[in-house]
Amino acid sequence: MESRLSLFPLNTEATQKGHLVIGGCDTVELAAEYGTPLYVYDELTLRNCCREFRNEFGQRYADTTVLYASKAFLNKAIANLLKEEGVGLDVVSAGELYIAKSVEFPMDMVYLHGNNKSVEELKMALKHHIARIVVDSYDELRTLAAMAEEGGHIPDILLRITPGVDAHTHSHITTGVTGSKFGFPIFDADEAVDRAMSAPSLNLIGLHFHIGSLISDVQPYKEAIDTVLDFAAGMRDQHGLELEELDIGGGFSVPYTMEDKVPEVSVYAEVIVSRVIRKCKQLDLPLPMLTIEPGRAIAARAGVALYQAGVIKNVPGLRKYVSLDGGMADNIRPALYDAKYVATVANRMQEGDTDKVTIAGRFCESGDILVRDIELPPVMAGDIIAIPGCGAYCLPLASNYNASLKPAVVMVTGGKARLIRRRETLKDLIADDLL
Ligand code: LLP
């Protein structure tokens, strides 16, 4: 049991009476006060992850910019914290940009991505003079050039290149392979550079790639860096492209179970930085600004989902189910990606793991299983189940399936909890309906 604690936020411990405590807050008390399902974010862990990326990359490569991939989870409180930590934002929609605006996030630290940005989104990006628009297609290049010409503001752009590198991750989250819907395939990107450079209303600053998510092997980063820098050198020779910025996207992995082997941030930093420096030297390219876009690796560990156990069902000879008051509506990842999680019983931390159970959600799908075959202390109805590693890609993918209510979210630090998103209400469910 002790070892599972390492998957929880930095500030996690068990009290003598066997309660799980995060950021100085007793999770059993949090569940009683705010209800369940409840998502708890530990402020120190979030800040620490931001600092780790800034320090590990920054000390090896001074000209590094860290952007947080908002899609992992963004709300006003998180955006505010990132602003305080000097981390920028990668946004992919008017919605994410709007959240950033709502806390006066510095727009010169915001990048807009997306394979099908709407005219409204491009307009919004131009209006707010955001730092970069990462152009993903010929259509977008054309539309943006025309809009910028009309609007009079020349945006700084990056071109997203698909390097044809397989990051060996789940097929749903692989994006670097040839044939991906994202970016310009590298064999068809010369023309994009040419057009971007000859458009007077656009300022081409550099290139971007993102090869996938949950990448636990550093090799694909090396291949993608080599491939894209080779391409940049070719473009310098052919079109006079001066690569001022190389944005290598995100994808840094985190452990979800004790079996997961994941490189430290320092290892990613060392491999990536040394590769960029070596390759640039080899190609006689000036060192570009380096941009990274971690999402999961900043948010995942900070977030813990708390649920209350309800029905316990024993299927004789087969398995025992512990059913929770949440499930796939707040965490679709096991159903969507076969994602693995562990759990603990937050009010029985001192008891031994003697019972093998499967943790099921409450939604009307057989696939709504959060954790299969895990050893826990014997669970009783009313117990609080805590699942670590829920800070990234759970809440943003949450739905109202079965007309369920999206969970409340609290931020904890120094023994204090504050609500950073209220629980949805039944009224919210019909607020947009018209008869
Ligand atoms: N940059 C770009 C352009 C991206 O598309 C993404 C993620 C990131 C950065 C951040 O990647 P990260 O560092 O978080 O791996 N819903 C999936 C993950 C989808 C990731 C999509 N793009 C999941 O739950 O595993």
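Note that the coordinates shown come from a computational prediction; the quantities given were computed from them, not determined experimentally.

## Description of the packing of helix H2 (residues 43–58) against helix H9 (residues 265–283)
Part 1 of the reasoning: Packing of H2 against H9 brings their axes to within 9 Å, and their N-to-C directions diverge by 35°. Where H2 crosses over H9, the two elements pack in a sense that is right-handed. Residue-level inspection shows Glu52, Phe53, Glu56 and Phe57 of H2 in contact with H9, the latter providing Val265, Ser266, Tyr268, Ala269, Ile272 and Val273.
Part 2 of the reasoning: When its residues are assigned to classes, the contact of H2 with H9 shows seven nonpolar, one polar and two charged.

## What about unusual backbone geometry?
Part 1 of the reasoning: For the bond from Thr36 to Pro37, the omega torsion is -10°, close enough to zero to count as cis.
Part 2 of the reasoning: Here Pro37 shows up in the loop between helix H1 (27–34) and strand E4 (38–42).
Part 3 of the reasoning: Even without being a glycine, Glu104 presents a positive backbone phi close to 55°.
Part 4 of the reasoning: With respect to the helices and strands, Glu104 occurs in the loop between helix H4 (94–102) and strand E7 (110–112).
Part 5 of the reasoning: With a phi close to 60°, Asn402 is a non-glycine residue in the positive phi region.
Part 6 of the reasoning: Within the secondary structure, Asn402 is located in the loop between strand E19 (384–387) and strand E20 (408–413).

## Focus: helix H5 (residues 119–127)
Part 1 of the reasoning: Every buried residue belonging to H5 is among Glu121, Leu122, Met124, Ala125 and Leu126, and all of these are buried.
Part 2 of the reasoning: Count one or two residues on from H5 and you reach His129, which has phi positive near 50°.

## Some words on the site of the ligand
Part 1 of the reasoning: In the vicinity of the ligand, 20 residues are found, and the nearest of them are Ser213, Glu293, Arg333, Tyr337 and Tyr393.
Part 2 of the reasoning: With respect to the ligand, the backbone of Gly251 contributes an N or O atom lying 2.8 Å from an oxygen atom.
Part 3 of the reasoning: Here Gly295 contributes a backbone N or O atom positioned 3.0 Å from an oxygen atom of the ligand.
Part 4 of the reasoning: Across the complex, the protein chains shield 91% of the 590 Å² of accessible surface that the ligand would expose by itself.

## Remarks on the environment of Glu245
Part 1 of the reasoning: In this structure, Glu245 sits in strand E12 (residues 245–247).
Part 2 of the reasoning: Each C-alpha atom, one on Glu245 and one on Thr64, is 9.7 Å from the other, the two residues being 181 residues apart in sequence.
Part 3 of the reasoning: Excluding residues that lie within four positions of it along the chain, Glu245 makes contacts with Tyr111, Arg132, Leu158, Ile205, Gly206, Leu207, Pro288, Met289 and Thr291.
Part 4 of the reasoning: A distance of 2.6 Å separates polar atoms of two side chains, one belonging to Glu245 and the other to Arg132.

## As for the pattern of salt bridges
Pairs can form between side chains of opposite charge once their charged atoms are near each other.
Part 1 of the reasoning: Overall, the coordinates contain 22 salt bridges when judged by the stated rule.
Part 2 of the reasoning: Between Asp156 and Arg132 there is a salt bridge, with its nearest N and O atoms 3.7 Å apart. With a gap of 24 residues between them, Asp156 in strand E9 (residues 156–162) and Arg132 in strand E8 (residues 132–135) connect regions that are remote in the sequence.
Part 3 of the reasoning: Looking at Asp156, the relative accessible area reads 24%, which means it is partly exposed.
Part 4 of the reasoning: Arg132 gets classed as buried once you look at its relative accessible area, which sits at 12%.
Part 5 of the reasoning: Here Glu191 ties to Arg195 by a salt bridge, and the two come within 3.1 Å at their closest N and O atoms. Of this pair, Glu191 and Arg195 both sit in helix H7 (residues 190–198), four residues apart, roughly one helical turn.
Part 6 of the reasoning: Looking at Arg195, the relative accessible area reads 35%, which means it is partly exposed.
Part 7 of the reasoning: Via salt bridges that share partners, Glu43, Arg47, Arg51, Glu84, Glu85 and Arg418 belong to a single interconnected network.

Calculation rules
Residues numbered from 1 in each chain as written. Predicted model: local features only at pLDDT ≥ 70, side-chain atom pairs only at ≥ 80, totals over all residues. Heavy atoms only, no water. Axes fitted to C-alpha atoms, helices over the stretch in contact; angles between N-to-C directions. Helix = DSSP H or I, 4+ residues; strand = E, 2+ residues; numbered from the N terminus. Left-handed = near helix turned anticlockwise from the far one by under 90°. Contact = heavy atoms within 4.5 Å. Nonpolar A, V, L, I, M, F, W, Y, C, P; charged D, E, K, R; others polar. Buried < 20%, exposed > 50% of the residue type's maximum accessible area, 1.4 Å probe, protein only. Near = heavy atom within 4 Å. Polar contact = N/O pair within 3.5 Å; in protein donor to acceptor, adjacent residues only side chain to side chain. Areas by Shrake-Rupley, 256 points an atom, 1.4 Å probe, with all protein chains shown as cover. Salt bridge = Lys/Arg side-chain N within 4 Å of Asp/Glu carboxyl O.

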